[in-house]
Each structure stands twice: as structure tokens, then as C-alpha cells.
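# Structural features, examined
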Amino acid sequence: MRIYDLIETKKRGGALTEEEIAYMVRGFVDGRIPDYQMSAMLMAIYFQGMNDREITYLTLEMAHSGDMVDLSPIEGIKVDKHSTGGVGDKTTLVVGPMVASLGVKVAKMSGRGLGHTGGTVDKLESIPGFKTAIPREEFFDIVNGNGIAVIGQSGNMVPADKKLYALRDVTATVDSIPLIASSIMSKKLAAGSDSIVLDVKTGSGAFMKTLDESICLAKKMVSIGCMAGRRCCALITNMDIPLGYAIGNSLEMTEAIRTLKGEGPEDLTRVCLELAANMLHLAGRGTVKECRKMAEETIHDGSALKRLALMVKAQGGDESFIWKPEQFGSPACAYEVKAPAQGYISHMDTEGIGTASVLLGAGRNTKEDPIDYGAGIVLKKKYGEKVMPGDVLAVLYADSMERIQAGADKFLSSCTISQDAPGPETLIYARVSEYEVERFEGLEKLP
């Protein structure tokens, strides 16, 4: 077997077999297939695509290229949730404790923020003492005892994805649905959960900019999960507008705590309830409607907030921050960005707003960049709201006025104020299961 022949097959639109994909992935990981040949293969896949079986074979081979986490020491059904990334997306901090408080185990491995999107690990590490790198046996013990633990991804998981993504990043092949789907799902399958709920973001702050692209990606990922023997579904949610009002690590941690107290923003609360309901449904706890009511009750009775505090304590964090989040404090500098004109906020370039938070110090451009846990943005006005000149659009936080100025300029350029009020936007567009795409257009409107 030669990689040259496989490139030729894919270049002409042919399908690769399971054995050919295994040869390709293993040869690339162990160095027998050089970068220049794999680059040609990636470009061929970009233009010719892959069928569902090819994508599943590729995903499974990537997943098995490193450590496969065996969660069997954890009792009961294990459910995972994955977001494709967004701005203000702190849903894991809310839905994980909700689901765990209802007896379904959440053994979650999360990532750090990169570029305009935030990362759950960074948000949790804004709590003093919180450890996201712990031995696997301790991880299992915490989940068995408390129902939930969130740790960083293992350095030895899915090495094929690390090598392939680095190559895709420099060969303009990142935006390929088969390659995106296999990258995401290889990590989810390697993480070992029985059921997976995917939160596929769509819009200006998401990787997939259009609804059709997002549904296509969701269908591919759900198909992979089901063909691999997992229960799987996806929600398509709006990322044309930041989720909630807080953007930045300790700011988002505080907003997540408020949401678990029943005091959170409406959009964040609704998305979290829907995600939690689907996680519980996949775990066999009832219909989605029944599970939504169960999730709501965990807010009303305080059980989800208590579960978050238990997780923080078990992972070495100062749990008093959950009960008194005002302890997070603020950076040295704060600045109010004010509306320059009268009108309505008719568009928010969510990626641009995420980039503004990076300029303030809340994010990173490379994995090695340090971050300021207290930096970020608190929105005061959002899409559809009427503003007058001088109204505060947002408060920016950073450790210097130089960062504030850069962030303020980027933030203002990311907001469009028009004379006419815009129409409502949909919050949750669709649910994708193994068998159907259920669209919710006309429902779940914002504002």
C-alpha cells in the first residue's frame, strides 16, 4: 500500500477503505508518511469530501492513536457535552452541576481558550487552588463521590489530531466539515463517555457561520457518534450574539454561579436548560420535556449550585468563591464604552467582541500566552436594544489603560447601531438526532 495511490484515489473522488485510512493515520503519526504527502491528502479531502463511513473510520483511527480513557471504574451512565466554541459560552459550568445533581455522572475533559473563544479550564482555574490536572484514579474517585469532575485534556490523547490539526492550520484546510467532525469526535470518543450532547454554534462568533453549515456538521458528528456505539444528539445554537453578558474567565465564573442561583441571563439559562435536558434524556431519565423540568428544579432547590461547590472543593479549589463570588475582585483598570449615537444595536460581530476580550488580556493567541483571569467585558446592552448617545454599552476590565484602549476600539468597531429596530433572532435553531433534524425557527426568539 502506498500513500501516493490513496491520494490519487481521493483526488479523483473515490472512497478510502477502513484499511487504507488506518494505514494513512498510523503512517502519519509514526513519521512514515511525510507532511508534504499528508498535506496533499488533506487538500484532496477538502475538495472531494468524505462519506459517512470514511469519516467514521478516520475518527475511530484518530481516537485510537493514543490513550483511550476507560471510564468503567465510574458507576452508572456517563454523559458528556461538547461545544464547538463561542464567546461568553460558560454552559459547562452550569449544565454539568445540574446533570450531576440528578444522579447522572459527568466525567468531563475540557480545553483552554484559544483565539476569540474561551475555555472551561481557564474559567475554573480562576478559582484559587482549583486543579485541572489530577491523577486519573483521583478523577474517577471524585466523579463517583460527587457525580462530576472537570479536568484538562491528557497530553497523550489523540496525537493524530494534534499532528493533523497543526498541518491543517498551515495548509488552509481547517474549514473542512469531514476534518472538523473527525477532529472533534475523535476526542469525544477517546474521552470514554456513553452519551454525548453536542452544542454546535452558528453565526459570527462561531466557526460555522451559516445555519446550513452548522446542521451539516452536526449531522456528521451525530452519525459518527451513533456508528461508534454512543448515544448522541446535537443542538444548533446562536453565536451571532455573545451568550450571557460576561466575557472573561472570573467574570464568566461569576455569571455561571448567578445562573445556578436562578439570577442568570435569560439566554444563557435557556440554552443551559436545553442542553441539560438533552443530556438527561440520553441518559434515559425521561423525555426531553420531562428532563427540562427536572433541570429547572435543580436551580430552584439549590442542588446544582451545591454540586458545583462540592466539585470545586474536591479539586482543591476555594469553595467560598462559589458562595461569595465577589471575592474574585477586578483588575486595576475599568472603562465604560459608551454609545456614539442614537439607535438600535442591529448587529454584534461576536468574533470581534471575543477578540476585544483577548486584547484586554482575557484570552490567548498561542497556547503559551499567559492570561489575566480578571480581565474581560461585561455587556450592558445587547442586540435589539435601543441606545442613546452616552449610554454605556459595556464595561471593560484590564490591567492597563493600553489594553483598555485596544479593547475599546475593537469592541466599538464590532457593534453596529442603526436607526431601525432589528427583528428578533432565534436562540436555538434545531435539534439533530440520529434519525431527524427538528428545526425550531420561529421559536426561542431573542430578545
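Before reading further, recall that the structure is shown in the block above.
Residues numbered from 1 in each chain as written. Predicted model: local features only at pLDDT ≥ 70, side-chain atom pairs only at ≥ 80, totals over all residues. Heavy atoms only, no water.

### Remarks on the overall build of the protein
Along the backbone of the protein there are 17 helices and 16 strands. Across its three principal axes, the protein shows a C-alpha extent of roughly 65 × 50 × 40 Å. For the protein, the residues scored as buried account for 57% of the 447 residues in total. Carbon and sulfur atoms form 50% of the exposed surface of the protein, whose accessible area is close to 17,800 Å². The protein carries 50 positive and 59 negative side-chain charges, and their two centres are separated by 2 Å. (Helix = DSSP H or I, 4+ residues; strand = E, 2+ residues; numbered from the N terminus. Buried < 20%, exposed > 50% of the residue type's maximum accessible area, 1.4 Å probe, protein only. Areas by Shrake-Rupley, 256 points an atom, 1.4 Å probe, with all protein chains shown as cover. Lys, Arg positive; Asp, Glu negative; His and termini not counted. Charge placed at Lys NZ, Arg CZ, Asp CG, Glu CD.)

### Comments concerning the sheet that holds strand E10 (residues 386-387)
Pairing within the open sheet is antiparallel, and its three strands lie in the order E10-E8-E12. Unpaired on one side and paired on the other, E10 and strand E12 (415-418) mark the two borders of the sheet. In this sheet, E10 lies alongside strand E8 (residues 343-348) in antiparallel orientation, the contact comprising two bridges. Bridge pairing in E10 places Gly 343 opposite Val 387. (Pairing = 2+ DSSP bridges.)

### Brief notes about the packing of helix H12 (residues 266-282) against helix H13 (residues 288-300)
Between H12 and H13, the least distance of the axes is 8 Å, while the angle of their chain directions is 120°. In terms of orientation, H12 and H13 fall into the oblique class. Relative to H13, H12 is oriented so that their crossing is right-handed. Contact with H12, carried on its side by Leu 273, Glu 274, Ala 276, Ala 277, Asn 278, Leu 280 and His 281, involves Val 288, Cys 291, Arg 292, Ala 295, Glu 296 and Ile 299 of H13 and no other residues of that element. Broken down by class, the residue content of the contact of H12 with H13 amounts to eight nonpolar, two polar and three charged. (Axes fitted to C-alpha atoms, helices over the stretch in contact; angles between N-to-C directions. Parallel < 35°, antiparallel > 145°, perpendicular 65-115°, else oblique. Left-handed = near helix turned anticlockwise from the far one by under 90°. Contact = heavy atoms within 4.5 Å. Nonpolar A, V, L, I, M, F, W, Y, C, P; charged D, E, K, R; others polar.)

### Considering the layout of surface pockets
Of the voids in this model, the second largest pocket is the one considered here, and its volume is about 220 Å³. Ser 250, Leu 251, Thr 254, Glu 255 and Val 378 are, among the 14 residues lining the second largest pocket, the residues nearest its centre. Class assignment of the residues belonging to the lining of the second largest pocket gives a composition of seven nonpolar, four polar and three charged. (1 Å grid on protein atoms, 1.4 Å probe; cavity = no way out; pocket = protein on both sides within 12 Å on 5 of 7 lines; lining within 4 Å. Points joined across faces, edges and corners; volume = space filled by probe spheres on them.)

### Regarding a nonpolar patch on the surface
A contiguous nonpolar surface patch, about 300 Å² in accessible area, is contributed by Met 43, Tyr 46 and Phe 47. Inspection of the secondary structure assignment puts Phe 47 in helix H3 (residues 35-48). Among the residues examined, Phe 47 registers a relative accessible area of 63% and is labelled exposed. (Patch = residues over 30% accessible without salt bridge, like charges linked within 9 Å, V, L, I, M, F, W, Y side chains within 5 Å. Salt bridge = Lys/Arg side-chain N within 4 Å of Asp/Glu carboxyl O.)

### Let's talk about empty space enclosed by the protein
Applying the stated criterion across every chain, the model contains three cavities of 30 Å³ or more. When its volume is computed, the second largest cavity comes out at roughly 70 Å³. Forming the boundary of the second largest cavity are Met 24, Val 25, Phe 28, Met 38, Met 41, Leu 42, Ile 45, Leu 58, Leu 164 and Leu 179. For the lining of the second largest cavity, the secondary structure elements donating two or more residues are helix H2 (18-29) and H3. It is H3 that provides the largest number of residues to the lining of the second largest cavity, a total of four residues. Residue composition of the lining of the second largest cavity, grouped by class: 10 nonpolar, no polar and no charged.

### Considerations on the side chain of Ser 101
Examined against the element boundaries, Ser 101 turns out to sit in helix H5 (residues 91-101). Setting aside its immediate chain neighbours within four residues, Ser 101 contacts Thr 298, Ser 303, Ala 304 and Arg 307.

### Quick look at the nonpolar core
Among the nonpolar cores identified, the biggest contains 75 residues, and Met 98, Ile 127, Ile 322, Ile 377 and Phe 411 are the most heavily contacted of them. For this core, the leading source of residues is H12, giving 10 residues. Look past the residues within four positions of Met 98 in its chain and what remains in contact with it is Leu 260, Cys 272, Leu 273, Ala 276, Ala 295, Thr 298, Ile 299 and Ala 304. Leu 164, Leu 189, Ala 191 and Val 200 belong to the second-largest nonpolar core, a separate cluster that totals 62 residues. (Core = buried A, V, L, I, M, F, W, Y, C linked by side-chain atoms within 4.5 Å.)

### Here we look at the packing of helix H16 (residues 350-360) against helix H17 (residues 401-413)
One way to put it is that H16 packs onto H17 with a least axis distance of 8 Å and a crossing angle of 175°. Between H16 and H17, the interaxial angle falls into the category roughly antiparallel. The residues of H17 that touch H16, namely those facing Gly 352, Ile 353, Thr 355, Ala 356, Val 358, Leu 359 and Leu 360, are Arg 403, Ile 404, Ala 406, Gly 407, Lys 410 and Phe 411. A class-by-class count of the residues in the contact of H16 with H17 yields eight nonpolar, three polar and two charged.

### Side note on the pairing of E8
Relative to E12, E8 runs antiparallel, the two sharing four bridges. Paired with Tyr 344 across the bridge in E12 is Ser 418.

### With respect to the pairing of strand E11 (residues 392-398)
Side-chain positions along a regular strand alternate between the two faces of the sheet. Extensive coverage of E11 is indicated by the burial of six of its seven residues. As paired strands, strand E7 (residues 333-338) and E11 are joined by six bridges and run antiparallel to one another. Note that in E11 the partner of Val 337 across the bridge is Ala 394. In this structure, strand E9 (residues 376-379) lies alongside E11, joined through four bridges in antiparallel fashion.

### Concerning the packing of aromatic side chains
Per the stated rule, a full pass over the model turns up three aromatic pairs. Judged by centre distance (5.1 Å) and plane angle (85°), the rings of Tyr 46 and Phe 47 are edge-to-face. Under the relative-accessibility criterion, Tyr 46 is labelled partly exposed at 31%. Between Phe 139 and Phe 140, the ring centres sit 6.0 Å apart and the planes meet at 40°, which makes this aromatic pair tilted. Residue Phe 139 shares its accessibility class with Phe 140, and that shared class is buried. Seen from the ring of Phe 28, Lys 163 lies directly overhead, with NZ or CZ sitting 4.5 Å from the centre. If you follow Lys 382 out to its NZ or CZ, it ends over the ring of Tyr 245, 4.8 Å from the centre. (Phe/Tyr/Trp six-rings, centres within 6.5 Å; stacked < 30°, edge-to-face > 60°. Lys NZ or Arg CZ within 6 Å of the ring centre and 35° of its normal.)

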